Amino acid sequence: MKLPIKRLDPSAILPEYKTPGAAAFDLATIETKTLQPGEIYKFRTGLVFCIPPGHFMLVASRSSNAPKRGLGMANGIGVIDSDYCGENDELFICLKNIIDQPVTIETGDRIAQGIILPSPQCEILEVTTTGSSDRGGFGSTGR
């Protein structure tokens, strides 16, 4: 599968898989910013992704963000649709400082990761019964 990407800024870093077995590619920012405790900021990547039809990009935090840097993705994850690919539909990454000290993110820092996944669309049908028995509700398989 090919993934066309447009650079909106010449300093934007094209993503790459860091190992042959990597499921995701790293996403870097083109900005330097110090986040104060609790602050949320929308970082630029300078990139537009042309995701193939029938797919989407899942944007997730890098595993080192929280324990090594004190950063979390402000919205948990990101879902980038295949039709978000206009000439200026830049990918932004929203990060939150989750510690009680300022955290500085530098231009070129890898701040998230992207995974391209299939996204079949379902026909939505309203029903009056599910035809299945209850399992016990939320949390029913836990202790």
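Note that residues are indexed from 1 along each chain, following the sequence as it is written. Note on the predicted model: pLDDT of at least 70 is required for a residue's local features to be given, and 80 or more for side-chain atom pairs to be given and counted; whole-chain, interface and lining totals, by contrast, use all residues. Side-chain metrics in this entry use all non-hydrogen atoms of the structure; hydrogen atoms and water are not considered.

Trainee: Now, about the sheet that holds strand E7 (residues 71-73): what can you tell me, with residues and values included?
Mentor: Across the sheet, which stays open at both edges, the three strands sit in the order E4-E9-E7 with antiparallel pairing between neighbours. The open sheet has two edge strands with one neighbour each: strand E4 (40-44) and E7. Across the sheet, the axes of successive neighbouring strands diverge by a mean angle of 40 degrees, strand direction being ignored. In this analysis, strands are considered paired if DSSP registers two or more bridges between them. Only DSSP runs of H or I reaching four residues or more are called helices, and only runs of E reaching two or more are called strands; each is numbered from the N terminus. As judged from the three bridges shared by E7 and strand E9 (residues 92-97), these two strands associate in the antiparallel manner. Counted as the bridge partner of methionine 73 is leucine 95 from E9. Between the N-to-C directions of two axes lies an angle of 0 to 180 degrees, each axis being a line fitted to C-alpha atoms and, for a helix, fitted only over the stretch in contact.

Trainee: Can you break down the layout of surface pockets residue by residue, with the values?
Mentor: Counted as a void, the largest pocket has a volume near 170 Å³. Around the largest pocket, the lining residues are Met1, Lys2, Leu3, Ile5, Pro15, Glu16, Tyr17, Ala23, Phe25, Pro52 and Ile116. Put simply, Ala, Val, Leu, Ile, Met, Phe, Trp, Tyr, Cys and Pro go in the nonpolar bin, Asp, Glu, Lys and Arg in the charged bin, and everything else, Gly too, in the polar bin. Residues belonging to the lining of the largest pocket are distributed by class as follows: nine nonpolar, no polar and two charged. Grid spacing is 1 Å over the protein atoms alone, the probe is 1.4 Å, and a cavity is where that probe fits but cannot get out, while a pocket is an open set with protein on both sides within 12 Å along at least five of seven lines and lining residues have an atom within 4 Å of a point. Grid points are joined across faces, edges and corners, and a volume is the space filled by probe spheres set on the points.

Trainee: I'd love a proper account of the sheet that holds strand E6 (residues 55-60), names of residues and values included.
Mentor: Pairing in this open sheet of four strands is antiparallel, and the strands run E2-E11-E6-E8 from one edge to the other. Either end of the sheet is taken by a strand with one partner, and the two such strands are strand E2 (25-28) and strand E8 (78-81). The average angle at which neighbouring strand axes cross in this sheet is 35 degrees, direction not considered. For E6 and E8, the ladder comprises four bridges, and the chain directions are antiparallel. Bridge pairing links methionine 57 to isoleucine 80 in E8.

Trainee: I'd like to hear about the side chain of glutamate 31, residue by residue, with values.
Mentor: For glutamate 31, the position within the fold is in the loop between E2 and strand E3 (33-35). The buried label goes to any residue with under 20% of its type's maximum accessible area, the exposed label to any with over 50%, and the partly exposed label to all in between, with areas taken from a 1.4 Å probe on protein chains only. For the charge count, each Lys or Arg is scored as positive and each Asp or Glu as negative, with His and the chain ends excluded. When a carboxyl oxygen of Asp or Glu lies within 4 Å of a side-chain nitrogen of Lys or Arg, that pair is called a salt bridge. Of the side chains bearing the opposite charge, arginine 44 lies closest to the buried glutamate 31, which forms no salt bridge; the N-O distance is 5.5 Å. Two N or O atoms count as a polar contact when they lie within 3.5 Å, although within protein this holds only if one can serve as hydrogen donor and the other as acceptor, and sequence-adjacent residues are included solely when both atoms are side-chain atoms. Within the structure, the side chain of glutamate 31 is placed 2.7 Å from the side chain of tyrosine 41, a separation counted as a polar contact. When checking whether two residues touch, look at their non-hydrogen atoms; a contact exists if any pair is within 4.5 Å. The residues contacting glutamate 31, other than those within four sequence positions of it, are Tyr41, Lys42, Phe43, Arg44, Ile105, Glu106 and Thr107.

Trainee: Explain the environment of leucine 117 to me, and be specific about the residues and the numbers.
Mentor: Structurally, leucine 117 can be placed in strand E11 (residues 110-118). Taking the C-alpha atoms as reference, leucine 117 lies 6.3 Å from methionine 57; in sequence the two are 60 residues apart.

Trainee: Any chance you could break down the packing of aromatic side chains for me, citing the residues and the numbers?
Mentor: Here a pair means two rings of Phe, Tyr or Trp (six-membered ring of Trp) with centres within 6.5 Å. Their orientation is stacked below 30 degrees between planes, edge-to-face above 60, and tilted elsewhere. In total, this model carries three aromatic pairs according to the counting rule given. When the centroid spacing of 5.4 Å and the interplanar angle of 85 degrees are considered together, the rings of tyrosine 17 and phenylalanine 25 count as edge-to-face. Both rings, one in phenylalanine 25 and one in phenylalanine 49, keep their centres 6.3 Å apart while their planes meet at 5 degrees; by these two values the pair is stacked. Residue phenylalanine 25 is found in strand E2, and its partner phenylalanine 49 is found in strand E5 (residues 47-49); the two are separated by 24 residues along the sequence. Across this residue pair, the class does not change: phenylalanine 25 and phenylalanine 49 are buried. Aromatic rings pair up to connect Tyr17, Phe25 and Phe49 into one cluster. Charge-over-ring placement is defined geometrically: NZ (Lys) or CZ (Arg) within 6 Å of the ring centre, and within 35 degrees of the ring normal. Sitting over the face of the ring of phenylalanine 92, lysine 42 holds its NZ or CZ atom 4.7 Å from the ring centroid.

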